[in-house]
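# Per-entry structural report
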Amino acid sequence: MPARINAAAVFCGSRFGNLPAYKEAAEAVGAGLAQAGIHLVYGGGYVGLMGVVADSAIQAGGRVTGIIPEFLEAREVMHRGVTELVVTDSMHTRKQKMFALADAFLILPGGFGTFDELMEILTWKQLQLHAKPILIVNTANWAQGVLAMLNEAVSQGFASPEARGLLEVVPDAAAALQRLELVPRSDSREALEATSRM
Ligand SMILES: Nc1ncnc2c1ncn2[C@@H]1O[C@H](COP(=O)(O)O)[C@@H](O)[C@H]1O
């Protein structure tokens with residue numbers, strides 16, 4: 001079935017993590033997006049799972065846009081093989097551009113930076129700045145800690161069950177790609193207007 005969305009942003013680790021399953025998931029997501037004709041938007045690095053997802057999409061003939069802040073060009077080894085590379089003046093601009101381009105967000109295994117990106121896109125949704133799907137690809141249950149934290153916030157009365165429901169958890173890349181088939185293309189003007197409020 002052809003994909004209805006244009007682009008998905010992938011947030012994931014700048015390291016590989018300890019399990020081979022993490023790299024395999026990044027490969028499957030990159031290749032799967034390309035095969036579905038979905039434009040990959042990601043952080044522009046060559047390192048860790050970020051590089052894996054980009055390389056897999058490129059090898060499968062996909063369109064890949066990397067968005068990287070200038071100060072991370074060396075640290076995250078800016079990927080020069082992507083279709084488009086956007087160098088921003090700050091982390092904030094990077095996030096805004098990734099947000100504006102994407103119709104949906106996939107969160108793959110990662111560390112603190114990935115958690116930050118997840119929380120920001122989730123809290124923007126909680127504030128009704130957007131309504132785009134956010135999917136955690138829970139490979140080998142890597143996200144159990146962050147999910148427990150979110151669930152605990154609901155249990156403690158600091159977040160509503162509705163807010164917790166703004167985030168979907170899927171077990172693997174195949175389920176994520178299947179879910180993306182159901183996502184309608186978002187109105188890019190609405191997305192751009194939303195970024196001006198962030
Ligand atoms: N504070 C941050 N805001 C946005 N993005 C960040 C932040 N810190 C790091 N990042 C980026 O996240 C990815 C993955 O980082 P991991 O720590 O490996 O999960 C990387 O591109 C960081 O630049």
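Just above, that's the structure.
Report on the accompanying structure. (Residues numbered from 1 in each chain as written. Predicted model: local features only at pLDDT ≥ 70, side-chain atom pairs only at ≥ 80, totals over all residues. Heavy atoms only, no water.)

### Re the pairing of strand S5 (residues 104–107)
Because side chains alternate across S5, one face comprises the buried residues Ala104 and Leu106, and the other comprises Phe105 and Ile107, equally buried. Across 4 bridges, the pairing between strand S1 (residues 7–11) and S5 is parallel. Residue pairing across strands places phenylalanine 11 opposite isoleucine 107, the latter belonging to S5. Relative to strand S6 (residues 134–137), S5 runs parallel, the two being bridged by 3 bridges. The partner of phenylalanine 105 across the bridge, within S6, is isoleucine 134. For the crossover that starts at S5, traverses helix H4 (residues 112–126) and ends in the parallel S6, the hand is right-handed. (Buried < 20%, exposed > 50% of the residue type's maximum accessible area, 1.4 Å probe, protein only. Helix = DSSP H or I, 4+ residues; strand = E, 2+ residues; numbered from the N terminus. Pairing = 2+ DSSP bridges. Right-handed = clockwise from strand over helix to strand, strands pointing away.)

### Details of the layout of surface pockets
In this structure, the largest pocket occupies an estimated 580 Å³ of space. Lining of the largest pocket is provided by 29 residues; of these, Gly13, Ser14, Gly111, Gly113 and Thr114 occupy positions nearest its centre. Listing elements by their share of the lining of the largest pocket, those giving two or more residues are S1, helix H2 (48–59), helix H3 (91–101) and H4. Each residue belonging to the lining of the largest pocket can be placed in one class, and the counts come to 13 nonpolar, 9 polar and 7 charged. (1 Å grid on protein atoms, 1.4 Å probe; cavity = no way out; pocket = protein on both sides within 12 Å on 5 of 7 lines; lining within 4 Å. Points joined across faces, edges and corners; volume = space filled by probe spheres on them. Nonpolar A, V, L, I, M, F, W, Y, C, P; charged D, E, K, R; others polar.)

### Some details on the packing of helix H1 (residues 20–35) against H2
Running from amino to carboxyl end, H1 crosses H2 at an angle of 35°, the nearest separation of the two axes being 7 Å. The handedness of the crossing between H1 and H2 comes out as right-handed. Residue-level inspection shows Tyr22, Lys23, Ala26, Glu27, Val29, Gly30, Ala31 and Ala34 of H1 in contact with H2, the latter providing Leu49, Val52, Val53, Ser56 and Ala57. A class-by-class count of the residues in the contact of H1 with H2 yields 9 nonpolar, 2 polar and 2 charged. (Axes fitted to C-alpha atoms, helices over the stretch in contact; angles between N-to-C directions. Left-handed = near helix turned anticlockwise from the far one by under 90°. Contact = heavy atoms within 4.5 Å.)

### Quick notes on empty space enclosed by the protein
Taken as a whole and judged by the stated rule, the model has 1 cavity of 30 Å³ or more. The space that makes up the largest cavity amounts to roughly 50 Å³. Along the walls of the largest cavity sit Phe11, Lys95, Met98, Phe99, Phe105, Glu117, Glu120, Ile121 and Trp124, which together make up its complete lining. Of all elements in the fold, only H3 and H4 reach the threshold of two or more residues within the lining of the largest cavity. The greatest single-element share of the lining of the largest cavity, amounting to 4 residues, is contributed by H4. Within the lining of the largest cavity, the residues separate by chemical class into 6 nonpolar, no polar and 3 charged.

### A short note on the pairing of S6
What you see with S6 is no split at all: Ile134 and Ile136 on one side and Leu135 and Val137 on the other are buried throughout. The pairing of S6 with strand S7 (residues 168–170) spans 3 bridges and is parallel. By the bridge assignment, leucine 135 is partnered in S7 with glutamate 168.

### So, the nonpolar core
Counting 55 residues, the largest nonpolar core has Val10, Leu33, Leu106, Ile136 and Leu180 as the members making the most contacts within it. Excluding anything up to four places from it in sequence, leucine 106 contacts Ala9, Val10, Phe11, Val29, Leu33, Leu135, Ala176 and Leu180. (Core = buried A, V, L, I, M, F, W, Y, C linked by side-chain atoms within 4.5 Å.)

### A short note on the pattern of salt bridges
Charged atoms that come close allow side chains of opposite charge to pair. Per the counting criterion, the structure on display carries 6 salt bridges. For arginine 94, the salt bridge is made with glutamate 76, and the minimal N-O distance between the two is 3.0 Å. Here the residue arginine 94 occupies a position in helix H3, and glutamate 76 occupies one in the loop between strand S3 (64–69) and strand S4 (84–88), the gap between them amounting to 18 residues. Residue arginine 94 shares its accessibility class with glutamate 76, and that shared class is buried. (Salt bridge = Lys/Arg side-chain N within 4 Å of Asp/Glu carboxyl O.)

### Details of H1
Between its terminal C-alpha atoms H1 stretches 23 Å, which fits the 22 Å expected from 16 residues at 1.5 Å a residue. Restricting attention to buried positions, one finds in H1 the residues Tyr22, Ala25, Ala26, Val29, Gly30, Ala31, Gly32, Leu33 and Ala34. Along its buried surface, H1 packs onto S1, strand S2 (39–42), H2, S5 and helix H7 (173–180). Directly beyond the C-terminal end of H1, a positive phi value near 75° is found at glycine 37. (Expected span 1.5 Å × (residues − 1).)

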